[in-house]
Amino acid sequence: MSEQDDLARRFEEHRPHLRAVAYRMLGSLSEAEDAVQEAWFKLNRADTTDVGNLGGWLTTVVGRVCLDMLRSRASRREDPLHDQDGQVRLPDPVISGPDGLDPEQEILLADSVGIALLVVLDTLAPAERLAFVLHDMFAVPFDEIATILDRTPAGTRQLASRARRRVQGAAPAPDTSLARRRTVVDAFLSAARGGDFDALVALLDPDIVARSDGGALLPSLVRRGAAEVASQAITFARFAQSGYPVLINGTPGVVSTAEGRPISVMSFTIQGDRITALDFLTDPERLARLDLSALGRLDGLDG
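Bear in mind that the values here come from a model prediction, so they are computed numbers and not experimental data.

## Here's the deal with the pattern of salt bridges
In step 1: All chains considered together, the criterion is met by 18 salt bridges.
In step 2: Here Arg 15 makes a salt bridge to Glu 33, at a shortest N to O gap of 4.0 Å. Separated by 18 residues along the polypeptide, Arg 15 in helix α1 (residues 3–26) and Glu 33 in helix α2 (residues 29–45) bring together distant segments of the chain.
In step 3: With relative accessibility at 31%, the residue Glu 33 sits in the partly exposed group.
In step 4: We note a salt bridge from Arg 73 to Asp 122, for which the minimum N-O separation is 3.4 Å. Taken as a pair, Arg 73 in helix α3 (residues 54–74) and Asp 122 in the loop between α5 (115–121) and α6 (126–137) lie far apart in primary sequence, 49 residues in all.

## Some details on the packing of aromatic side chains
In step 1: For the coordinates displayed, the defined rule picks out two aromatic pairs.
In step 2: Judged by centre distance (5.2 Å) and plane angle (50°), the rings of Phe 11 and Trp 40 are tilted. Here Trp 40 lies in helix α2 and Phe 11 lies in helix α1, a separation of 29 residues in the sequence. Across the pair, exposure class does not vary: Phe 11 and Trp 40 are buried alike.

## Topic: the nonpolar core
In step 1: One finds Phe 11, Met 25, Leu 121, Leu 130 and Ile 145 to be the most contacted residues of the largest nonpolar core, which totals 47 residues.
In step 2: Those elements that place two or more of their residues in this core are α1, α2, α3, α5, α6, α7 (142–149) and α8 (153–170).
In step 3: In terms of residue count, α1 provides more of this core than any other element does, nine residues in total.
In step 4: With residues up to four places along the chain from it excluded, the contact list for Met 25 reads Gly 63, Cys 66, Leu 67, Leu 70, Arg 129, Leu 130 and Val 133.
In step 5: Listed in part, the 22 residues of the second largest apolar core include Ala 191, Val 254, Phe 268 and Ile 275.

Rules used in this analysis
- Residues numbered from 1 in each chain as written.
- Predicted model: local features only at pLDDT ≥ 70, side-chain atom pairs only at ≥ 80, totals over all residues.
- Heavy atoms only, no water.
- Salt bridge = Lys/Arg side-chain N within 4 Å of Asp/Glu carboxyl O.
- Helix = DSSP H or I, 4+ residues; strand = E, 2+ residues; numbered from the N terminus.
- Buried < 20%, exposed > 50% of the residue type's maximum accessible area, 1.4 Å probe, protein only.
- Phe/Tyr/Trp six-rings, centres within 6.5 Å; stacked < 30°, edge-to-face > 60°.
- Core = buried A, V, L, I, M, F, W, Y, C linked by side-chain atoms within 4.5 Å.
- Contact = heavy atoms within 4.5 Å.

Listed below in structure tokens is the structure:
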């Protein structure tokens, strides 16, 4: 085996981990792949003779690449929850069958990286996001992160602490079992299909936020409060009529179809027995790019 082949083999061993880092940093599967590929280019150009921990070296490289991408993204928009045209833009969902994740998805989504968490991460400043993701999610020491950010370790620790408070307040980890969360989602679908406003309100947290990302072709919406979200759910009950149970970033959700094509992805954030956030991806362009191969056995998704 040539030296180049050996380097490629070693890089591929780290690719799943690097994709996980980049996905948390960027919230985009395609951009995460771009960041990992850029790390491969940098590895090819670098002298790694004295690198004792290739995985750690690659992690910091990917972190630096993602930081540059986030800074470029931030310069093009003012509101981190909206793109440059003022449209809501949700993170890319990772969709799997209702029975569980495949091994690659498990690596990508370790630490319960739900849509709600990614939405919160997208509100952080690029440096805060890097410090939190690398330290809290991947245990990278602050002195190494400080080098990427050109800050002191103490300053980097403060960035991570500030980000941690934001994340814990807005996207706490689910506190109910997967089966219980599925029960809540099923009850929501049943109530939406039946037009049962009171049942919907009972399932929704009073401060629920519902976001709809329709892309450039459809209007984006943000709704707040149980009554408003319940009314919207009944209005869009047609999505629930063709809904199939899936896991979205490891938690119960729904993919709806029409003529064998996905028309909506619904992601639920659940605390206790209440839905605290509801995210709809209805952008036709992004839906067309989703990998639904794991769902081919479901009626309507096997075409």
